Amino acid sequence: MTARTAPYGTWESPIDAVSAASHDGRPEHLGTVGEDLWWTAPRPAEGGRRTLMRRGSQDGTERSVLPAPWNVRTRVLEYGGVPWTGASQGPAGQGPLIVFAHFDDQRLYAYEPDVPGAEPRPLTPVSLVGGGLRWAEPRISPGGDEAWCVLEEFTGEGPEDVRRVVAAVPLDGSAAEDRSRVRELSGDEHRFVTSPRISPDGRSAVWIAWDHPRMPWDGTELKIAEVTDTGFTGVRTLIGGPNESVAQAEWAEDGTLLAVSDRTGWWNLHRVDPVSGRAVNLCPREEEFAGPAWRIGSRWFAPLDGGLVAVLHGRGALRLGILDPADGKVTDAPGPWSEWDATLAADGTRVTGIAATARTGHEIVELDTRTGHSRVVAAAHHDTVDPEQLPDPVARVFSGPGGRDVHAHVYPPHNPRFTAPDGELPPYVIWVHGGPTSRAPLVLDLTIAYFTSRGIGVAEVNYGGSTGYGRAYRDRLKGQWGVVDVEDCVAVADALVKEGMADPDRLAIRGGSAGGWTTGAALTGVSTFACGTISYPVLDLAAWARGGTHDFESRYLETLIGPIAEVPERYEDRSPANRADRIRAPFLLLQGLDDAICPPAQSEGFLARAAGRGVPHAYLTFEGEGHGFRRQETMVTCLEAELSLYGQTFGFIPPAVPTLELTT
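In short, a report on the structure. (Residues numbered from 1 in each chain as written. Predicted model: local features only at pLDDT ≥ 70, side-chain atom pairs only at ≥ 80, totals over all residues. Heavy atoms only, no water.)

## Quick look at empty space enclosed by the protein
Line of reasoning, step 1. If you walk through the whole model with that rule in mind, you get four cavities of 30 Å³ or more.
Line of reasoning, step 2. Reported here for the largest cavity is a volume of approximately 120 Å³.
Line of reasoning, step 3. Considering the residues around the largest cavity, the lining is formed by 16 residues, among which Thr194, Ser195, Ala247, Ala293 and Arg295 are closest to the centre.
Line of reasoning, step 4. Of the residues contributing to the lining of the largest cavity, the split by class is nine nonpolar, six polar and one charged.
Line of reasoning, step 5. By volume, the second largest cavity is sized at about 100 Å³.
Line of reasoning, step 6. Lining the second largest cavity, in full, are Trp217, Asp218, Thr437, Gly465, Arg474, Asp475, Leu477, Lys478, Tyr556, Thr559 and Leu560.
Line of reasoning, step 7. Here the lining of the second largest cavity is composed, by residue class, of four nonpolar, three polar and four charged. (1 Å grid on protein atoms, 1.4 Å probe; cavity = no way out; pocket = protein on both sides within 12 Å on 5 of 7 lines; lining within 4 Å. Points joined across faces, edges and corners; volume = space filled by probe spheres on them. Nonpolar A, V, L, I, M, F, W, Y, C, P; charged D, E, K, R; others polar.)

Here it is in structure tokens:
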């Protein structure tokens, strides 16, 4: 087939916004109950809920266990975490018992899916105070009669009126109307507690704790205590502190305690003596064996039978390997998967995880450590669009200011049915990930393909401050948010122009959350970009720091910007809301009206100051959407609006896309 010649941006693509939106999300929170695999899965077309899936070990059948309106998702820390657990036998003796958090009321429920006519029954009460009672990372207790969880309890109406403890919820339902029936196992001497783990003999418990103003990637403590009938006693710190991040800890079956710490400058796996706290690095490498703990219960490693440990490791991308602590060697799992999520599950010699590649979506993969064989066992990738329409990304390292490395993924325009006129350079959009202590993985994303198949290039920038490249790389952003991130994005855009890959007059920038901040900072601070898309952003630092967000991130800016009492001028000078008079480029602002992390006030304040200055823009809001959009109809609207913005700014008419109405 002869390729048609057409300007970039006007190429006709079979990847429409509905196709991209309907495949948004991935399997998450993988685990085993009995012989079966269980996980949560997105349902964008069902109001953005998450269902609980089950794969039968006998026939391999995958099915949804909970129909609408059940939504298996917790709001702890607002970003959530592991929302379910299970036991192989429930009280009725007819199959497993599942305990899960339901998003709508944040109560814990118990459910026996194999009991005919059974319905989920509540285990916890509804609190009318503030944000209520929230539960994460439930685990069945050693005695089998309780679910031990992280409890987040609001004590007032303010976002910081909250306490967190490890708590035990009776499985008999006696706490469903009576908060006093919930046993608190740990004290609330620390602001944050996560990931309680009980030793194989049931005598000891470890968990991770930290306090404001630290974030979990700045410094945490690994706590240990004796388990008694009244809770955890004799609490002490094993490792960690203000400048050491312990990301995960687990007990092996032989009683060995393992933990990931970045005390070397990299998150490496250590064996920790439960008595002395002495930590031995089992595989000293300049690689990451963990990542940022945005959500409770992330698992980057899992102990196996015989002393081996399944680990995720690497620079940038994390791949699955088997670590032998005896010699520190890691044997990587075979297969094409280049990126693994932090949701490992281990059962004997079987390791199961969620993995993807640049051309395949996230699927559930099993590694048999006895045979070394890997295979997809559930949620298998199926091509929903012609693979020839997918871009061929390249991982790049660019040179930033002062010659510093800047990591990025470049997705050139690609559509085998079209070619551009001779001499025309393509428009490019710089994608800025959220966090900012996070990173953009190199995995299949139909949203990116939505643009590249139309002739618009994309470059995802893992700017200084991103994870995956060691502590020194992520510490570049300390005190420099709005500076280093913007400089690195500009450096990538300038390099693409210098290499003759991108049109210097048709560069855009887009991002959500912290990426929305960087986008706003760029549009009000540099002239590189001709337009931008800002989604659920931080735009007013002082308002955000003074009670304008949730508790988890309420002191985050002390690291990213500096203490507001000491450097108030930074908060004023760097805020895009205070520089709205400098914006000259058209922009699209997207906001969920139920966002507790970056509330609508952030967008509205910026919009009010930018209005009336003759800059074309649009502001779209969405009822029922929080921080990050989950509903199919919302994502379709946003994608089409973004493409229309680029068309109007760059001088092309994208086919079959509604025209976004821009005002000044």
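## Re the pattern of salt bridges
Line of reasoning, step 1. Taken as a whole, this structure holds 47 salt bridges when the rule is applied.
Line of reasoning, step 2. A salt bridge links Asp551 to Arg164; its shortest N-O distance comes to 2.9 Å. On the criterion of sequence distance, the pair formed by Asp551 in the loop between helix 6 (541-545) and helix 7 (557-560) and Arg164 in strand 12 (residues 162-170) is long-range, its members being 387 residues apart.
Line of reasoning, step 3. Close ionic contact of Arg375 with Glu366 constitutes a salt bridge, the shortest N to O distance being 3.5 Å.
Line of reasoning, step 4. Take Arg375: its relative accessible area is 38%, and that puts it in the partly exposed class.
Line of reasoning, step 5. According to the relative accessible area criterion, Glu366 is buried, its value standing at 11%.
Line of reasoning, step 6. One network of salt bridges, with partners in common, ties together Arg75, Glu78, Arg134, Glu152, Arg164, Arg191 and Asp551. (Salt bridge = Lys/Arg side-chain N within 4 Å of Asp/Glu carboxyl O. Helix = DSSP H or I, 4+ residues; strand = E, 2+ residues; numbered from the N terminus. Buried < 20%, exposed > 50% of the residue type's maximum accessible area, 1.4 Å probe, protein only.)

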